[in-house]
Amino acid sequence: MRSIPIATACTIYHKFFCETNLDAYDPYLIAMSSIYLAGKVEEQHLRTRDIINVANRYFNPSGEPLELDSRFWELRDSIVQCELLMLRVLRFQVSFQHPHKYLLHYLVSLKNWLNRHSWQRTPVAVTAWALLRDSYHGGLCLHFQAQHIAVAVLYLALQVYGVEVPAEVEAEKPWWQIYTMDTEIP
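Residues numbered from 1 in each chain as written. Predicted model: local features only at pLDDT ≥ 70, side-chain atom pairs only at ≥ 80, totals over all residues. Heavy atoms only, no water.

This paragraph deals with the packing of aromatic side chains. For the coordinates displayed, the defined rule picks out 7 aromatic pairs. Centroid distance Phe16 to Tyr25: 5.2 Å. Interplanar angle 65°. Geometry classified as edge-to-face. Aromatic pair Tyr102 and Tyr106: ring centres 6.4 Å apart, planes at 40°, arrangement tilted. Of this pair, Tyr102 and Tyr106 both sit in helix α5 (residues 100–113), separated by 4 residues, roughly a single helical turn. Grouping residues by exposure puts Tyr102 and Tyr106 together as buried. Here the aromatic residues Tyr13, Phe16, Phe17 and Tyr25 are joined through ring pairs into a cluster of three or more. (Phe/Tyr/Trp six-rings, centres within 6.5 Å; stacked < 30°, edge-to-face > 60°. Helix = DSSP H or I, 4+ residues; strand = E, 2+ residues; numbered from the N terminus. Buried < 20%, exposed > 50% of the residue type's maximum accessible area, 1.4 Å probe, protein only.)

With that settled, the discussion passes to the packing of helix α1 (residues 3–19) against helix α4 (residues 70–89). In contact at an axis separation of 10 Å, α1 and α4 are set at 65° when each is read in the N-to-C sense. Considered as vectors, α1 and α4 are oriented roughly perpendicular to each other. In the packing of α1 onto α4, the handedness of the crossing is left-handed. In contact with Ile12, Phe16 and Glu19 of α1, α4 contributes Leu85, Met86 and Val89. Within the contact of α1 with α4, the residues separate by chemical class into 5 nonpolar, no polar and 1 charged. (Axes fitted to C-alpha atoms, helices over the stretch in contact; angles between N-to-C directions. Parallel < 35°, antiparallel > 145°, perpendicular 65-115°, else oblique. Left-handed = near helix turned anticlockwise from the far one by under 90°. Contact = heavy atoms within 4.5 Å. Nonpolar A, V, L, I, M, F, W, Y, C, P; charged D, E, K, R; others polar.)

Here we come to helix α3 (residues 48–59). If you check α3, its first and last C-alpha atoms are 16 Å apart, about what 12 residues at 1.5 Å a residue would give, namely 16 Å. Of all the residues in α3, the buried ones are Thr48, Ile51, Ile52, Ala55 and Asn56. One side of α3 carries all its buried residues, which in axial view fall inside an arc of 130°. Residues Val54 and Tyr58 are exposed on α3 and point more than 90 degrees away from its buried face. Summarising the contacts, the buried residues of α3 are in contact with α2 (27–41) and α4. (Expected span 1.5 Å × (residues − 1). Arc of directions from axis to C-beta.)

Take it as geometry only, folks, not as evidence of what the structure does.
Set out below in C-alpha cells:
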C-alpha cells in the first residue's frame, strides 16, 4: 500500500477507538477492517484474501496461507461486517486531510531556500518522512491540523541534524510561520 491509504487506515483505526471502548472489539480485526476500508476510500482496493493472508502470516510466520475453508470465510465475513460497523460508528466520515502534501510542498520550498551543501549532506527529507509515518502510531493525526503536523516533523528533522534555516535570525517571524500562520513552536 502507498503511504496515504496507510495513513487513512491508521486514522480510521484511532478514530474508531476514540468513539468506542478498546476492550469491546478485537483490535486486530479492527486493524484489518481499517486497511480494507482505507483501500476503498483512497481508491487502492485490496482483496480481503490478501489482507487475511498477511495477517495470518504475521500471527503464524511459519504457517501456510489459509485454505479457502470455513475459517477463511468466517474471517472474511467478519472483516466485511466490521467495516460496516466502523462506518456507522464513524458516521461515514472516513475521508481525511493528511499532512503528506503539505510536507512535500514544505520540503521542496525549504530545499530551494537552503544551500545545496547542507541539504545534500543531511537526510532531512528522509527523516521528516520517517517522522511523519511514525506519527500515525498514535492519535496525533486526530488532535492536530495536517499543516501543523507537517511543520512539526520538518522542524524536528532540522533540529536532529542541526540544520539552520538561512536568515532566520534576521527575519521578522520564524520560518515555520511562513507555512502556517497559526503555529507556535517553543
